[in-house]
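Residue-level listing of the chains:
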Amino acid sequence: SYEPMTSARARGLASIAFASVCAGLGVQGVAVSPHARAEPSVAAAEAARLSKRKIIVDARARTSWDWNWDGRSSGGDPTPSDSVAASAAPTKVYWLVRHGQATEETPETDAAADGERKLTDLGRKQASFTARRLKELIPSTASVKMTHSTMVRAKETADIIAAEAFPNATRKSSELIREGAPVRPEPDTWRQAEHVHVTDAPRIEAGFRETFHRAPSPSAAAASSPPPPEHEIVVCHGNVIRYSVLRALQLPPDAWLRIGLYNGSITRVEVRGDGGVSLRCLGDAGYMTADMLTHN
């Protein structure tokens, strides 16, 4: 017979599962929710079942952080002098913006035509909301740089952000961060032709290396006080952002297709002077209304 799952019972089972996992990892002093004691027979059976499960850790999933991932430390691996210099280097804050909604692709859309797709009216509205949000997040005293893809939809998005929020930003465009096919994803549900990956993947990797790196350390005279963060807005495309985030975090880049991003969304990545990297938000679009959320 069917037994309804009450919210109290659900919380109880979740609490038992958490406590069991913690016990398996050797974590002590984990309190079990009082809801777990509401149904002793169910709780005991669930605890017994979970205690028999093994926690499997794949050795391939363990990572070792490369502090000199951008090759900017002298002689390769960081040295004590590098650490001193790194403490004086400003943090680089990257604001990765996916372009606003663009006109639809068709089966006949080739690479050249894809680059000419323009923003829809909704796409322009999304870009305007993103501009407003970035203006709230980036200090008004900050010196802002902006890089955008040479594809029309990315340039139009960058134009709106610059006009409405950062008219004095230093701007440049880059062919390297145009949309394309990074490394073949795993699992590969996209099934793109191999020659597309062979052509696009090296370019997108070069775009990552050109864009992401530590800021140079200031001169000794300027290093007396902590420097303010450097802010760079990068307006580009979903595949490029997903791949770049995984590369920056030194996670398997072939997992990029498992991530989804809304049009106009903001992803924030910080790169510290010592080579540490933090992902502060991924694909944030909470500042838009629900009817504005699109993936294309």
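Above this text sits the structure in question.
The residue count restarts for each chain, going from 1 along the sequence in the order it is written. In keeping with the model being predicted, local features are shown solely for residues with a pLDDT of at least 70 and side-chain atom pairs are shown and tallied solely at 80 or more, while totals for entire chains, interfaces and linings include all residues. With hydrogens and water set aside, each side-chain value is computed from the structure's full complement of heavy atoms.

Caption draft 1: Spatial organisation of the overall build of the protein chain. In DSSP terms, a helix is any run of H or I states spanning at least four residues, a strand is any run of E spanning at least two, and both are numbered starting from the N terminus. In terms of regular secondary structure, the protein chain is built from eight helices and six strands. Along the protein chain, from the amino end to the carboxyl end, the secondary structure elements read α-α-α-β-α-α-β-α-β-α-β-α-β-β. Whether a residue is buried, partly exposed or exposed follows from its accessible area with a 1.4 Å probe, protein chains only, as a fraction of its type maximum: under 20%, in between, or over 50%, in that order. For the protein chain, with 296 residues in total, the buried portion stands at 43%. In this description, contact between two residues means that some pair of their heavy atoms is separated by no more than 4.5 Å. The contacts of the protein chain with a sequence gap of at least 6 include a subset with a gap of at least 24, amounting to 72%. When the accessible area of the protein chain is evaluated, it comes to approximately 16300 Å², of which 55% is carbon and sulfur surface. The method behind every accessible area is Shrake-Rupley, applied with a 1.4 Å probe, and residues are considered shielded solely by the protein chains displayed.

Caption draft 2: Up close: the pattern of salt bridges. By salt bridge we mean one thing: a side-chain nitrogen of Lys or Arg within 4 Å of a carboxyl oxygen of Asp or Glu. For the structure shown, the criterion picks out 17 salt bridges. Among the ionic pairs, Arg-117 bridges to Glu-105, the shortest N-O distance being 3.9 Å. Residue Arg-117 is located in the loop between helix H4 (111-115) and helix H5 (121-137), and its partner Glu-105 is located in the loop between strand S1 (92-98) and H4; the two are separated by twelve residues in the primary sequence. On the accessibility criterion, Glu-105 (47% relative accessible area) is partly exposed. With a closest N to O distance of 2.8 Å, Glu-194 and Arg-184 form a salt bridge. With Glu-194 in helix H7 (residues 194-211) and Arg-184 in the loop between strand S3 (170-174) and H7, this pair connects stretches of sequence that are ten residues apart.

Caption draft 3: Local environment of H5. In a helix, the anticipated span is given by 1.5 Å times the number of residues less one. The terminal C-alpha atoms of H5, which comprises 17 residues, lie 25 Å apart, in line with the 24 Å expected from a rise of 1.5 Å per residue. Packing partners of the buried residues in H5 comprise S1, helix H6 (152-164), strand S4 (230-236) and strand S5 (266-271).

Caption draft 4: Broad picture of the environment of Pro-253. Structurally, the position occupied by Pro-253 is in the loop between helix H8 (238-248) and S5. For Pro-253 and Tyr-243, which are ten residues apart along the polypeptide, the C-alpha to C-alpha distance reads 5.8 Å. Ignoring any residue separated from it by four or fewer positions in sequence, one finds Pro-253 in contact with Val-183, Tyr-243, Leu-246 and Arg-247.

Caption draft 5: Local environment of the environment of Met-288. On the secondary structure map, Met-288 appears in the segment after strand S6 (277-284). We classify Met-288 as buried; its relative accessible area is 8%. Linking Met-288 and Phe-129, residues 159 residues apart in sequence, is a C-alpha distance of 6.7 Å. When near neighbours in sequence (up to four residues on either side) are disregarded, Met-288 contacts Gln-126, Phe-129, Thr-130, Asn-263, Gly-264, Ser-265 and Leu-293.

Caption draft 6: Broad picture of the packing of aromatic side chains. Between the rings of Phe, Tyr and Trp (Trp by its six-membered ring), a pair exists once the centres lie within 6.5 Å; its type follows the angle of the planes, with under 30 degrees stacked, over 60 edge-to-face, and the other angles tilted. This model, assessed by the stated rule, comprises five aromatic pairs. Seen from their ring centres, Trp-65 and Trp-67 are 6.3 Å apart, and the 70 degrees between their planes marks the pair as edge-to-face. Using a relative accessible area of 28% as the deciding quantity, one classes Trp-65 as partly exposed. Residue Trp-67 is classed as partly exposed on the basis of its relative accessible area of 40%. For the ring pair Phe-208 and Phe-212, a centre distance of 5.2 Å and an interplane angle of 25 degrees mean the geometry is stacked. Take Phe-208 and Phe-212: they sit in the same class, and that class is buried. An aromatic cluster of at least three residues, connected via ring pairs, comprises Trp-69, Tyr-94, Phe-208 and Phe-212. Only when the NZ of Lys or the CZ of Arg is both within 6 Å of the ring centre and within 35 degrees of the ring normal is a charge said to sit over the ring. Directly above the ring of Phe-129 sits Arg-132, whose terminal nitrogen or CZ lies 4.7 Å from the centroid.

Caption draft 7: The packing of H7 against H8, seen in detail. Where helices are involved, their axes are fitted lines through C-alpha atoms of the stretch in contact, as for all axes, and angles between N-to-C directions lie from 0 to 180°. Running from N to C, H7 and H8 point in directions that differ by 60 degrees, and their axes come no closer than 10 Å. With respect to each other, H7 and H8 are oriented oblique. As for how H7 packs across H8, the hand of that crossing is right-handed. Residues Ile-204, Glu-205, Phe-208 and Arg-209 of H7 touch H8, and the partners they reach there are Val-240, Tyr-243, Ser-244, Arg-247 and Ala-248. Each residue gets one label: Ala, Val, Leu, Ile, Met, Phe, Trp, Tyr, Cys and Pro are nonpolar, Asp, Glu, Lys and Arg are charged, and the others, such as Gly, are polar. Partitioning the contact of H7 with H8 into residue classes produces five nonpolar, one polar and three charged. Any angle between 65 and 115 degrees counts as roughly perpendicular, while under 35 counts as roughly parallel, over 145 as roughly antiparallel, and the rest as oblique. Crossing handedness is defined as follows: a turn of the near helix away from the far one that is anticlockwise and smaller than a right angle gives a left-handed crossing, while the clockwise case is right-handed.

These figures capture arrangement, not role.
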